[in-house]
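Coordinates in review
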Amino acid sequence: MDGVFLVAAALAGGGLVLGSASAWSSGALVAVAVLALAVALLTRRGAYAIVVLALVAFAVGSCRSTSLVAAHEAHTRDVPHAREGKPRLLPCEGEGDVDASPTKRGASVRLSLARVTLSCDATALEENSPFRDPKVVFGRVSIFADPDVAIGLGRGDHVTFVAALAPPQTFAVDELGDDRSASARSGVVLSGGAADVLVIRRGRGIPHVVDAVRAHVRARIEATFPPRAVGLARALVLGESDLEEDDARAFRESGLSHLLAVSGMHLVVAVNGLVVLWTAIFARVRGLAIRVVPRRAASLFGLVFCWIYCDFSGSSGSAVRAACMLSVQLLAVALGRRAKALRTLGWSVMLVALVDPLCIHDVSFLLSAGATLGLVALGKPLSTALGSRGPKLVRAAGVSLGTTLAATVPCAPLLLRMGPALSLGGLVANLIAVPVGELAALPICLGHTLLAPFPQAEKGAALAGGGALLLVDGMAHVTWKSRLGRLPMPRPTDTQLGLVAALWLVVGLGRGETSRFASRARWALVAGLGVGLVLSEAHARHEGKPRGVLRVTFLDVGQGDAAIVDLPDGEAILIDAGGLVGSATNPGERVVAPVLRARRRDALRAVIVSHPHPDHFLGLAPGLEGIRVDEVWDTGEIDGVDDTSGRAFGPAVYQATLRDLAARGARVRRPGELCGRHDISGAIVEVLAPCPSFSPDRGTNDNSLVVRITYGETRVLFVGDAEHGTEADLVRTRREFLGADVLKVGHHGSRSSSTPAFLDAVAPKIAVVSCGIRNRYGHPHPETLRTFGSREKTRLVRTDTMGTTVVTSDGHAVRVRSARD
């Protein structure tokens, strides 16, 4: 294996030190991979220098990534914060410079601003905040503005704005990895919707011109392409991820997402096409052709154009990585040298890692590098094996299948981190989709960008390109909905990813090694790493389904509730699933489903919906996809309610969710049969309210299911969003059943819940408030915080500040751990 590639991998791998739930565990994993590398390398003469360089590169990458994360965390602390009880989205006004290409998302345009000076509403700010007067913000501010105002903006423009700002939404969940590195890489410390944006001074230079061209191309795509193909074309040409939800999911789960990602193929088509054109021109200029080699001269032009096109297409991680690799190849041609594929990939990874120490946390970069590595290492052997027999058409299909398989194998673990299954059907779909997408749709759509002066030709290109894209889109939908070749698999752990990376290194390092000792050592390492993978999977299953303990995980789902209760005999209950109203992010998809997969949970004994409010139920549908649910516990409050509002979070959505779960075999149970005691999987589950049924005279919050779970001497009380009325009733009629060690605080810490009398009856040692850093209600309210603050024996934990909180008990002692402890 090439030494340049190994050093580059070590440099990029240094960014993993802070990339998982535990810095020590991830650092140990990378150390294992480097150790495997060293052992394999030392069997070869002259390998010591490469080992030393790789270790130095790893140390440099680690130090740089650690310092970047620390600096970003300092910047996030030095931003305006709302005082307790006030909405977290602060009304602010400020000015700053646009520092990234504006991108359109839905009905708004995202602007990234740097060198921002900000002042915020003094009545909403925490006391003594310096942002009462204009103050510089360190880090980026991301605002979403009306397209009519922002679509013509570009890098270098100096703007003023009025916006409601708060720290960006993140989810701190151990199973999903440490979110600090991804946040540091983005550099965004505040984000929100802008009410107004005004340009004070226009920018200059090539980046501003590129953004103007992007805006023009976007406008022409929207004006000429078929409506269903507009989002697809913008993704293909501009790198803007703005697909309809169904389209995005279809491409993701069918394995065809790469066709819409700006990657190496885009650059090869665009840049090499230009190089061929310039080569032909130079060859026909007699005086020039005598003095220079046309291909070499054209490669220098291609080198410059490569980066202009990368910038034009959005500068995603995959595009930058591909641009680096193509630049190395073009430079080699210009110098009359031959570039080896693996070494070229190594230089491209190294260049990206030098500029961006946290690049390894960019999924598009990893998928691009992994696919390229697979093509280099496995492309020829697999294509030869699958395309060497049969008629010409069969051989061509075999070669295409081998190429797709080679690019997919290294990416499989990453794809499983993103979704619940691998799509083997996608391998077959690629046989048609790749020629249509990359050999038809891509060049036609790129050519469309040049045809604005010729309206008829532009319209024809739009129809042809749009038709090709819609054909690919149709194939993605068919593959997804037919579930053709869908192979569900568990979510790989950090340990397993590290072992797979080490396995690749060991296998790759042995290529070309002839000594018997080296061969035996390599296969011994392969066997050891294989055993490690098996043991790590056994450990993941044991940790995901613990026995003999009660474990309650209060998930960080933003402004909402969601908790997974692992019962002593191995089964589990889900209580609510979160839901961010007005956000494109669904915590069921982003948090609940990945955590269940990480814990190897494919079945739940019961799903308890405390009450039918969207911040408790919107995550159910995506969170429970593929999960067998035995029972659903529901208040029955909106059973049969006729909802004609058409709202994306209204009663009709909840009713549809219940119907879907029932159709999948879940038994829907209501308070009439739930009230009382249930012995479930080694624990006692008691339903205390609303009994015997919900009260039509009360609001939905006060009709919340109130549930207490007991294991041994440990009791956990869930009260949903129950308010003063229900609390008073429980104290009066069920006081003896209220005592608990752990309390899920009612209504996200609102002043409408948690009366002193109720807390006296519960007497919790631990109280958990589930709320979001961007909530509009000011939760938890100051009155609630003062109430808990006066109780010396109660520890208050908040998911907005401490992230996901796990409470574990063996029936006697109770342990508490939070993601941001």
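Structure report, in brief. Numbering of residues starts from 1 in every chain and runs along the sequence as written. Selection of residues for local features in this predicted model requires a pLDDT of at least 70, selection of side-chain atom pairs for listing and counting requires 80 or more, and totals for whole chains, interfaces and linings are taken over all residues. Computation of side-chain values: all heavy atoms of the structure, hydrogens and water removed.

1. Side note on the overall build of the protein chain
Helices and strands together make up the secondary structure of the protein chain, namely 29 helices and 24 strands. Two things to know: the radius of gyration comes from C-alpha atoms, and the globule rule equals 2.2 Å times the number of residues to the power 0.38. Its C-alpha atoms give the protein chain a radius of gyration of 29 Å, within 12% of the compact-globule value 28 Å for 821 residues. For the protein chain, the spread of C-alpha atoms along the principal axes amounts to about 100 × 70 × 50 Å. A sequence separation of at least 24 residues applies to 73% of the contacts in the protein chain between residues at least 6 apart. The method behind every accessible area is Shrake-Rupley, applied with a 1.4 Å probe, and residues are considered shielded solely by the protein chains displayed. Within the structure as shown, the protein chain displays about 35400 Å² of accessible surface, and the carbon and sulfur contribution to it stands at 61%. Counting rule applied: Lys, Arg positive; Asp, Glu negative; His and chain ends not counted. Throughout, a charge is located at the NZ atom of Lys, the CZ atom of Arg, the CG atom of Asp or the CD atom of Glu. Each charge class in the protein chain can be summarised by its mean position, and for the 88 positive and 75 negative side chains these summaries are 12 Å apart. Starting at the N terminus, helices and strands are each numbered in turn, a helix being any DSSP run of H or I of at least four residues and a strand any DSSP run of E of at least two. Only heavy atoms enter the contact rule, under which two residues are in contact if any of them lie within 4.5 Å.

2. Some thoughts on the pairing of strand β17 (residues 683-689)
Across a regular strand the side chains alternate sides, sitting on one face of the sheet and then on the other. Within β17, six of the seven residues are buried, which leaves it mostly tucked inside the rest of the structure. In terms of strand pairing, strand β16 (residues 676-680) meets β17 through five bridges, oriented antiparallel. Bridged to D679 within β17 is I684. Connecting β16 to the antiparallel partner β17 that follows it, the hairpin turn spans two residues, and S681 within it adopts a positive phi of roughly 50 degrees. Here, strands pair whenever DSSP counts at least two bridges between them. Examined bridge by bridge, β17 and strand β18 (residues 706-711) share five bridges and lie antiparallel to one another. In the sheet register, I684 faces β18, and the bridge partner there is T710. A simple rule labels every residue: compare its accessible area, found with a 1.4 Å probe on the protein chains alone, to the largest value its type can have, and call it buried under 20%, exposed over 50%, or partly exposed in between.

3. Examining the sheet that holds strand β11 (residues 562-566)
The strands making up a sheet are joined through hydrogen bonds of the backbone, oriented either antiparallel or parallel. If you walk across this open sheet you meet the eight strands as β15-β14-β13-β12-β11-β10-β23-β24, and the pairing is mixed. In this open sheet, the two edge strands, each paired with only one partner strand, are β15 (667-669) and β24 (814-818). Across the sheet, the mean angle separating the axes of adjacent strands is 20 degrees when strand polarity is ignored. Pairing between β11 and strand β12 (residues 572-577): five bridges, direction antiparallel. When the bridges of β12 are listed, D566 appears paired with A572. What counts as an axis is a line fitted to C-alpha atoms, over the stretch in contact for a helix, and the angles between N-to-C directions run from 0 to 180 degrees. Helix-sheet contacts for helix α21 (residues 587-598) involve β11, β12 and β13 (603-608), and the interaxial angle to β12 is about 170 degrees.

4. Some points on a nonpolar patch on the surface
Patch definition: residues with relative accessible area over 30% and no salt bridge; like charges joined within 9 Å; nonpolar side chains (Val, Leu, Ile, Met, Phe, Trp, Tyr) joined within 5 Å. In the sections that follow, a salt bridge refers to a side-chain nitrogen of Lys or Arg positioned within 4 Å of a carboxyl oxygen of Asp or Glu. Taken together, the side chains of V52, V56 and V60 make up a nonpolar region of the molecular surface, amounting to roughly 230 Å² of accessible area. Among the secondary structure elements, V52 is positioned in helix α3 (residues 48-77).

5. Side note on the sheet that holds strand β22 (residues 795-798)
If you trace the seven strands from one edge of the open sheet to the other, you get β16-β17-β18-β19-β20-β21-β22, paired in mixed fashion. Both edges of this open sheet fall to β16 and β22, since each of them pairs with a single strand only. Across the sheet, the mean angle separating the axes of adjacent strands is 20 degrees when strand polarity is ignored.

6. Comments concerning the environment of L366
For L366, the position within the fold is in helix α14 (residues 363-386). Along the primary structure L366 and R321 are separated by 45 residues, whereas in three dimensions their C-alpha atoms are 9.3 Å apart. Residues in contact with L366, not counting those within four places in the same chain, are I360 and L414.

7. Section: the packing of aromatic side chains
By convention, a stacked pair of Phe, Tyr or Trp rings (six-membered ring in the case of Trp) has centres within 6.5 Å and planes under 30 degrees apart, an edge-to-face pair has planes over 60 apart, and any other such pair is tilted. Under the definition given, this model contains seven aromatic pairs. Taking the centre distance of 5.0 Å and the plane angle of 55 degrees together, the rings of F617 and Y654 count as tilted. With F617 in helix α22 (residues 614-617) and Y654 in helix α24 (residues 651-663), this pair connects stretches of sequence that are 37 residues apart. A relative accessible area of 0% places Y654 in the buried class. An aromatic cluster is defined as three or more aromatic residues linked by ring pairs; in this entry it consists of W278, F282 and F301.

8. A closer look at the pattern of salt bridges
Summed over the entire model, instances satisfying the criterion amount to 47 salt bridges. With a closest N to O distance of 2.8 Å, D566 and R601 form a salt bridge. Here D566 is found in strand β11, whereas its partner R601 is found in the loop between α21 and β13, with 35 residues between them in sequence. R601 matches D566 in its accessibility class, with the two residues each being buried.

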